[in-house]
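The lines below spell out each chain.
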Amino acid sequence: MHREKPRPHGGLLLEASPLALALPDAAIGPDICFVHVAAVVPVLAAIHGSVVTVLRIGATTAVLSAIACAISGDWGAAHSPAALGTVVLVTLCSAWAARRRLRTAHRLSDVETVAEAAQSVILQAPPPRVGRVNTAASYVSAARAADIGGDFYAVEPIRGGVRAIIGDVQGKGLEAVRTAAIVLVSFREAAATTGDLETVGRRVECALNRRREGEEFVTAVLSELRDEGTLFTLNYGHPAPLLIRRDGTGECLQPPAPALPLGLGAVLGESVTPVLGRTRLGSRDRILFYTDGLSEARDAGGTFYAVENGIGLLAHDGLDHGLERLRTSLHQHVRGELEDDSALLLLEVAPSPETTLGLRRPEAALRFPGDHPDRGGAPAAGFSLLPVFVEGGPDCGVCPASACPSRSS
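Let me sum up the structure you'll find in this document. A quick note: this is a predicted structure, and the numbers were derived from the prediction, not measured. (Residues numbered from 1 in each chain as written. Predicted model: local features only at pLDDT ≥ 70, side-chain atom pairs only at ≥ 80, totals over all residues. Heavy atoms only, no water.)

### Quick word on the sheet that holds strand E11 (residues 342-349)
Quick note on the threshold: Paired strands are those between which DSSP finds at least two bridges. Helix and strand definitions here come from DSSP, where helices need a minimum of 4 consecutive H or I residues and strands a minimum of 2 consecutive E residues; each element is numbered from the N-terminal end.
Taken in spatial order, the 6 strands of this open sheet run E1-E2-E11-E10-E7-E8, and their pairing is antiparallel. Unpaired on one side and paired on the other, strand E1 (129-130) and strand E8 (250-252) mark the two borders of the sheet. Here strand E2 (residues 133-140) runs beside E11; their pairing, made up of 8 bridges, is antiparallel. When the sheet's bridge partners are listed, Asn 134 is paired in E11 with Glu 348.

### Re a nonpolar patch on the surface
The cut-off we apply is this: Without a salt bridge and with relative accessible area above 30%, a residue can belong to a patch; like charges are then joined within 9 Å and nonpolar side chains (Val, Leu, Ile, Met, Phe, Trp, Tyr) within 5 Å. Areas reported here follow the Shrake-Rupley algorithm with a probe of radius 1.4 Å; residue values treat only the protein chains shown as occluding. Whenever Lys or Arg places a side-chain nitrogen within 4 Å of a carboxyl oxygen from Asp or Glu, that contact is recorded as a salt bridge. The classification of residues rests on relative accessible area computed with a 1.4 Å probe and restricted to protein chains. Under 20% of the type maximum is buried, over 50% is exposed, and intermediate values are partly exposed.
Nonpolar side chains collect at one region of the surface, where Val 40, Val 43, Leu 44 and Ile 47 lie side by side and expose about 320 Å² of accessible area between them. Within the secondary structure, Ile 47 sits in helix H2 (residues 41-48). Looking at Ile 47, the relative accessible area reads 46%, which means it is partly exposed.

### What to know about H2
Using the following cut-off: By construction, the arc corresponds to the directions joining the helix axis to the C-beta atoms.
Restricting attention to buried positions, one finds in H2 the residues Val 41, Pro 42, Ala 45 and Ala 46. Axial view of H2: buried residues confined to an arc of 140 degrees, hence all on one face.

### A word on the side chain of Ser 94
Our working definition: Any two residues whose heavy atoms approach within 4.5 Å at even a single point are treated as in contact.
On the secondary structure map, Ser 94 appears in helix H4 (residues 79-122). With a relative accessible area of 5%, Ser 94 lands in the buried category. The contacts of Ser 94, once residues within four sequence positions are left out, are Pro 42, Val 43, Ala 46 and Val 54.

### Side note on the sheet that holds strand E9 (residues 277-280)
Pairing between the strands of a sheet comes from backbone hydrogen bonds, and it takes one of two forms, parallel or antiparallel. To be explicit about the condition: What counts as an axis is a line fitted to C-alpha atoms, over the stretch in contact for a helix, and the angles between N-to-C directions run from 0 to 180 degrees.
Spatially, E3-E4-E5-E6-E9 is the arrangement adopted by the 5 strands of the open sheet, whose pairing is antiparallel. Looking at strand neighbours, the two that pair on one side only are strand E3 (151-158) and E9, the edges of this open sheet. For this sheet the average axis-to-axis angle between neighbouring strands, irrespective of direction, equals 15 degrees. As judged from the 6 bridges shared by strand E5 (residues 218-226) and strand E6 (residues 230-236), these two strands associate in the antiparallel manner. Looking at the pairing, Leu 225 lines up with Leu 231 of E6. Across the sheet, helix H5 (residues 174-193) touches E3, strand E4 (161-169) and E5, and the angle it forms with E3 is around 10 degrees. Sheet strands in contact with helix H6 (residues 197-209) are E4, E5 and E6, and its direction is about 25 degrees off that of E6.

### Focus on the pattern of salt bridges
Enumeration over the complete set of coordinates arrives at 9 salt bridges. The partner of Arg 203 in a salt bridge is Glu 189, with the nearest N and O atoms 4.0 Å apart. With a gap of 14 residues between them, Arg 203 in helix H6 and Glu 189 in helix H5 connect regions that are remote in the sequence. Take Glu 189: its relative accessible area is 47%, and that puts it in the partly exposed class. Its salt-bridge partner being Asp 285, residue Arg 245 comes within 2.9 Å of it at the nearest N-O pair. With Arg 245 in the loop between strand E7 (242-244) and E8 and Asp 285 in the loop between E9 and strand E10 (286-290), this residue pair connects regions lying 40 residues apart in the sequence. For Arg 245, a relative accessible area of 23% gives the class partly exposed.

Such coordinate-based values are descriptive only and should not be taken to indicate function.
This is the structure in structure tokens:
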């Protein structure tokens, strides 16, 4: 059952103020008329109240003004009808202003709903586990009204690991969302069908260069985390990922060489291809990808947030709990509203099923790389005959094809 929202205390005080001003009139007499001052109350009510509230307060004020004039015997004076007319006029104008305010608020609410829907398309949280990699993601918007940010992330399963991307589009608004969508669509297609990470980066860059409108560039980190723990990264002018070791140590993975953001090379007429970075991760080691909403967050004194603080906050406990603690630390540093959107993506190398369970895998859960419905069930030439553990759905690590029937959409 729908419950009526309680009326705020400020509204009650405004509605009671005409009566409060009428009491001194009755006590002092006709020398001073306080109730006419209540004409300002409908104006104050129009700031936060509804049209009905404004009209109710105005009607109360007008009735009390008429009663005060009748009691004082001052009704025949010229100023009394003028004062009453002023109350009525101010009430009508305030009601009109309240109506315009509410219409604007409703229109803005609709725009915000559309903006949230558009942004949710590019901020789909990954499942808790993709293949043999545990994942968690977090996003906090500092946008005002429909000022949509362009932060995005995605995790895609491939044979023997996962590929991920996190990025930040220059600018805000629907153009930023459109650019982010281009990057994500091209990444998901290339990640599932391309043999190496450098080619994935080239495919994404080509998709941005084919745009007919907009010149927004994108800072991004493309990564590939293999099941055995090897991490490959391509950094396109983005903040360096944070590596968190299981023992509580860590470091920022700076790129081997600087590179331009995606899409900026076509604008400048030059291109600097990023150098592939390679890092070895052990079981339960974690890697944090983030946008500049984290690394460029500043306190009142202008001091930037130290990303290395995340090493101690993310080394232990669950991934989601670690991201919550990082968010808490960030807000304590800023002591206020964030100035930019902040996206976080945390990956963890999960132990192999044998070390976790200590049991032999059931035969029904074994599938060879060549044993796929689209390949006739026969092992393909050149593939290892070592079995691959398949959990089904998005955790399928057998076929990278985007049309694979064993992969969820």
